[in-house]
Amino acid sequence: MSSLRVAMIGHAFMGAAHSQAWRVAPRFFDLPVDPVMQVLCGRDAARAAEAATRLGWEESSDDWRAVIAREDIDVVDICTPGDSHAEIAIAALAAGKHVICEKPLANSVLEAEEMTAAAEQAARQGVRAMVGFTYRRVPAVAFARQLVAEGRVGEVRHVRAQYLQDWIADPDAPLSWRLEKEKAGSGALGDIGAHIVDLTQFITGLSISEVSGQLETFVKERPIAAGATAGTLGGGGSGVERGPVTVDDAAVFLARFAGSTALGVYEATRFATGRKNAIRIEVNGSRGSLAFDFEDMNVLELFDADEPAGTAGFRRILVTEPEHPYVAAWWPAGHGLGYEHGFTHQVVDFVTAVAAGEQPTPSFADGLGVQRVLDAVETSSDTRSWQEISA
Ligand code: SOE
């Protein structure tokens, strides 16, 4: 395998982040095989051509089905809204292409099950699939997982997770695909709640087994931006026509974990006025605690309960040393990494696993597990009852 020729489908925010990762990964990491940014696919030929030039792709196309049929494509990278993940991923796997699919895996458990079955079938032919939970590839998060696995917090008692944004706290922020159920599947719950479900399970090694939650839509309708349909990212224009918001603006839920007495408290909201992309995870255990905030993403706080009371306290660890996960490939201590580096590390881990004939993580089955939690929270909110996560 001398190269991995990649086709990326979708070229908005995630397409830009994935493109940077494909461009940069082979220049900072010694990859076993070089990715080639072959084709960028989009719905509109002219816009796809412009994006391909701007983001560094060899070609562009407005026909993803034709692209995944090409013999000279090895990987399909899905960066589209959730309503097309299943169709594209299942077709790509059937065509023998390795797949990265943005999160959440799908817009429903049924779709996620179909994708997982297709991935398991493809794996028997050596074709690999991964879902793109990139925050687990932030060095401080990967380091937190190492510390928990080493027993540094002891037995987990509390898992506290928030994902706080405020980009639609303004009631006149226009409708976009993320606010439409048929495109996004759900609102804050699936878009950002999926991240904290994956992150907390990744860091603690625990699996959510039962949830009780509430969803809320604070602003029920919004302007359809002038010149845009409800399904596009509007620019906040003066359009007077308004359309319905069909997803949750915020989700809160309690969680229990399989084989553990730990208690989980989760919050995902797009209305945390003033919070831009605050992913806050705290794990409290019998021997200590860990705390992380993505808005200070190069830092991990550690409290060691074995420290004598006189000198005890949360230690602010700057996770920028070469011994920390991924960091050795980048800058000297203290220089720090950013949002985009998690995507680059995702490419590194995906390419390394595919070249070694191994299953990259998180797998589609991991993505299905997250989907089941999201679905259980929705059912819990609808029925005001605790819901078990089916194995
Ligand atoms: C939501 O606005 C969003 O773009 C998520 O969809 C991404 O997964 C997250 O990385 C940043 O915020």
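Fair warning: this is a prediction, and the values are worked out from it, not measured in the lab.

The rules we used
Every chain's residues receive numbers from 1 upward, in the order its sequence appears when written. Confidence filtering applies because this is a predicted model: local features only for residues at pLDDT of at least 70, side-chain atom pairs given and counted only at 80 or more, and all residues used for totals across whole chains, interfaces and linings. Remark: hydrogens and water are excluded; side-chain values derive from all non-hydrogen atoms of the structure. The quantity known as pLDDT measures the predictor's confidence residue by residue, on a range of 0 to 100. Only heavy atoms enter the contact rule, under which two residues are in contact if any of them lie within 4.5 Å. Summary of the distance rule: residues count as near a molecule or strand when at least one heavy atom falls within 4 Å of that molecule or strand. Definition of a polar contact: a pair of N or O atoms within 3.5 Å, with one able to donate and the other able to accept a hydrogen when the atoms are protein atoms, and with sequence-neighbouring residues admitted only if both atoms are side-chain atoms. Computed by Shrake-Rupley with a 1.4 Å probe, the accessible areas treat only the displayed protein chains as cover when residues are assessed. Polar here means any residue outside two lists: the nonpolar Ala, Val, Leu, Ile, Met, Phe, Trp, Tyr, Cys and Pro, and the charged Asp, Glu, Lys and Arg; Gly therefore counts as polar. Domain limits in this description derive from either an automatic procedure or a database domain assignment. Basic side-chain nitrogens of Lys or Arg form a salt bridge, by our definition, when they fall within 4 Å of a carboxyl oxygen of Asp or Glu. Secondary structure is summarised from DSSP: a helix means a run of H or I of at least four residues, a strand means a run of E of at least two, and numbering begins at the N terminus for each. Here the term buried applies to any residue with accessible area under 20% of the maximum for its type, exposed to any over 50%, and partly exposed to those in between, with areas from a 1.4 Å probe on protein chains only.

Novice: Just to check I follow, could you spell out the confidence of the model for the chain for this structure?
Specialist: Detailed conclusions should not be drawn from predicted coordinates in areas where pLDDT is low. Residues of the chain with pLDDT of at least 70 account for 96%, and the chain-wide mean is 96. The low-confidence segment residues 229-237, where pLDDT is below 50, has 24 contacts with residues more than four positions distant or belonging to other chains.

Novice: Quick question: what am I supposed to make of the site of the ligand here?
Specialist: The immediate surroundings of the ligand are formed by Phe13, Lys103, Tyr135, Tyr163, Gln165, Trp167, Arg178, Asp191, His195 and Tyr339. In this structure, Lys103 approaches the ligand through a side-chain N or O atom, which is 3.0 Å from an oxygen atom. In the environment of the ligand, an oxygen atom lies 3.0 Å from a nitrogen or oxygen atom belonging to the side chain of Gln165. Protein burial of the ligand: of its 310 Å² of free accessible surface, 92% is covered by the chains. When its residues are assigned to classes, the shell around the ligand shows 5 nonpolar, 2 polar and 3 charged. Each of domain 1 (3-135) and domain 2 (139-296 + 298-337) contributes no fewer than three residues to the shell around the ligand.

Novice: Looking at this model, I keep getting lost on the pattern of salt bridges. Mind explaining?
Specialist: Side-chain pairing between opposite charges can occur once the charged atoms of the two side chains come close. Within this structure, the stated rule accounts for 22 salt bridges. Notably, a salt bridge pairs Arg178 with Asp191, separated by 3.5 Å at the nearest N-O pair. Note that Arg178 is positioned in the loop between strand S7 (156-164) and helix H7 (181-184) and Asp191 in helix H8 (residues 188-204), a separation of 13 residues in sequence. Of the two residues examined, Arg178 and Asp191, each falls in the buried class. Arg280 is the partner of Asp293 in a salt bridge, and the nearest nitrogen-oxygen pair spans 3.1 Å. Here Arg280 lies in strand S13 (residues 278-285) and Asp293 lies in strand S14 (residues 288-293), a separation of 13 residues in the sequence.

Novice: Sorry if this is basic, but what is going on with the environment of Leu374 here?
Specialist: Looking at the element boundaries, Leu374 is found in helix H10 (residues 364-383). C-alpha separation for the pair Leu374 and Val109, spaced 265 residues apart in sequence, amounts to 8.8 Å. Leave out the neighbours within four places in its chain, and Leu374 touches Pro104, Leu189, Gly190, Gly193 and Ala194.

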